[in-house]
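Observations on the model geometry
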Amino acid sequence: MANKLDAAAVLSLCVVLAFTLAGQSAAAGRYYGDKVQDTVRKEVEKAIAYDRSIGPALVRLVFHDCWINGCDGSVLLDKTPTDGTNTEKKAVINIGLAGFQLIDTIKQQLGPNASCADIVAFAGRDAADILSGGKIFYTIPGGRKDGVVSSAKVADANLPESTFDFDQLQNNFNARGFSVEELVVLSGAHSIGVAHLSSYQDRLGRADSTPIDPDYQAALNKTTPLSLLQKGQNPTVPNNVRDETAAFQTDAAYDPVAMGVSPEKIVLDNSYYHNNLVNKVLFESDWVLRTDGDAADKLEEYKENATEWHSDFAAAMVKLSSLPAQGKNFEIRKNCRVTNKQYYY
Ligand code: HEM
Ligand SMILES: *[C@@H]1O[C@H](CO)[C@@H](O)[C@H](O)[C@H]1NC(C)=O
Ligand SMILES: *[C@@H]1O[C@H](CO)[C@@H](O)[C@H](O)[C@H]1NC(C)=O
Ligand SMILES: *[C@@H]1O[C@H](CO)[C@@H](O)[C@H](O)[C@H]1NC(C)=O
């Protein structure tokens, strides 16, 4: 059913909703009058209240599920008849992917009433709503089906890498029908969450490092020196300098007030654009958005106009959550980690 969406209608509905709801702060307790969506909502609220870092994981899961074979729950699989245990989760690009236990908890409650793909899409939607304080909200229909293939190789070949240059990012997004504007909009998701040192190592003093603020680089050098990788360690840091410790922020010469952003941590907001325009973002793939004229204009626009970013982000998430599943065999999985048939399809 998700395949048959009238994308334009859904997009405009969502934009209207985002405008209507912008300014209302209380995201908590938003319910839908639908058993499946309300169950997802309740569990996501509880999980985020207990540990806010599950929220970024859920938002990222939508991207990593829907980008590969469309929204089909393929990212959740531990094993399939065709891929064995070499599923998307094992892809290098999927380092740090999380949220699987929460998806299982929700699935246990919903049984056959929801596909795993729908749970991923709804949970990511609710996480974005809650982490944005109700400023990013959109409606999406259910009806996605679960796929039965999941390949690490395909994920590594098709998800964008943090070392991509602008053309590579643009091509990757165009291949899924996403524009430069949508690339810039969705990259704002890096206002939340964490990254491993291996994902930004190229930003710490390689001869060809893309520009990064020297104070920020020095602070990263201090907390996570490149030498740790040689010792077999791969620590994480917040994607957003806003979410760093006070000591780090002093080293990084970062002051949210001077930057004109809210200091509140783990909030999905447009602070990413403020950071990017002063070279205080983690990935090369973030910084390179500055190298294209159209993308750079959008960075500036979203920095200046949070309302516009909230509604454009919501619209892009609707489009992402509607990418049609690819393949021949679909089902409603009984267990999100394995296909219903274990030997063949
Ligand atoms: C534009 C291309 C993108 C690239 C190259 C990219 C790359 C990355 C990398 C390398 C990480 C850190 C992984 C790790 O080291 O643990 C990350 C984290 C994250 N990404 Fe992206 N990403 C992209 C787009 C997106 C999109 C479209 C979204 C969602 C709409 C997204 C949401 C996130 C979130 C929320 C995290 C933090 C996850 C957590 O803390 O659990 N990213 N991304
Ligand atoms: C599934 O939906 C049916 C019909 O609404 C309901 O009676 C049943 O309790 C639901 N089961 C679960 C596990 O949610
Ligand atoms: C960070 O460390 C790298 C080497 O690991 C070095 O090349 C670079 O100059 C350092 N940056 C700062 C600002 O100290
Ligand atoms: C911000 O963007 C919204 C939505 O695109 C628009 O209606 C509003 O006029 C913009 N505000 C400013 C100050 O440009």
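This text gives an overview of the structure that appears in the document. Because the structure is predicted, anything quoted here is derived from the model rather than measured.

**As for the state of the cysteines**
Within the structure shown, the criterion is met by two disulfides. Residue Cys 66 pairs covalently with Cys 71 via a disulfide, S to S 2.1 Å. Its S-S torsion of about 115° marks the bond between Cys 66 and Cys 71 as right-handed, since a negative value means left-handed. The disulfide bridge from Cys 116 ends at Cys 336, spanning 2.1 Å between sulfur atoms. As the torsion about the S-S bond is roughly -90°, the Cys 116-Cys 336 disulfide counts as left-handed. With Cys 116 in helix α5 (residues 116-131) and Cys 336 in the segment after β4 (330-331), this residue pair connects regions lying 220 residues apart in the sequence. Residue Cys 116 shares its accessibility class with Cys 336, and that shared class is buried. Taking only the cysteines that form disulfides and numbering them from first to last, the protein chain has the pattern 1-2, 3-4.

**A closer look at the packing of aromatic side chains**
The relative placement of two aromatic rings is captured by the distance of their centres and the angle of their planes. Under the criterion given, the structure shown has eleven aromatic pairs. Ring plane angle 85° and centroid distance 6.3 Å describe the contact between Phe 173 and Phe 178, whose orientation is recorded as edge-to-face. Grouping residues by exposure puts Phe 173 and Phe 178 together as buried. Considering the side-chain rings of Tyr 273 and Tyr 302, the 5.5 Å spacing of their centres and the 50° angle between planes classify their relative orientation as tilted. On the criterion of sequence distance, the pair formed by Tyr 273 in helix α14 (residues 271-276) and Tyr 302 in helix α16 (residues 293-304) is long-range, its members being 29 residues apart. Taken as a pair, Tyr 273 and Tyr 302 share a single burial class, namely buried. Taken together, Tyr 272, Tyr 273, Tyr 302, Trp 309 and Phe 313 form an aromatic cluster joined through their ring pairs. In this structure, Arg 30 is placed above the aromatic ring of Phe 137, and the distance from its NZ or CZ to the ring centre is 3.9 Å.

Analysis parameters
- Residues numbered from 1 in each chain as written.
- Chains lettered and ligands numbered in written order.
- Predicted model: local features only at pLDDT ≥ 70, side-chain atom pairs only at ≥ 80, totals over all residues.
- Heavy atoms only, no water.
- Disulfide = S-S within 2.5 Å.
- Helix = DSSP H or I, 4+ residues; strand = E, 2+ residues; numbered from the N terminus.
- Buried < 20%, exposed > 50% of the residue type's maximum accessible area, 1.4 Å probe, protein only.
- Phe/Tyr/Trp six-rings, centres within 6.5 Å; stacked < 30°, edge-to-face > 60°.
- Lys NZ or Arg CZ within 6 Å of the ring centre and 35° of its normal.

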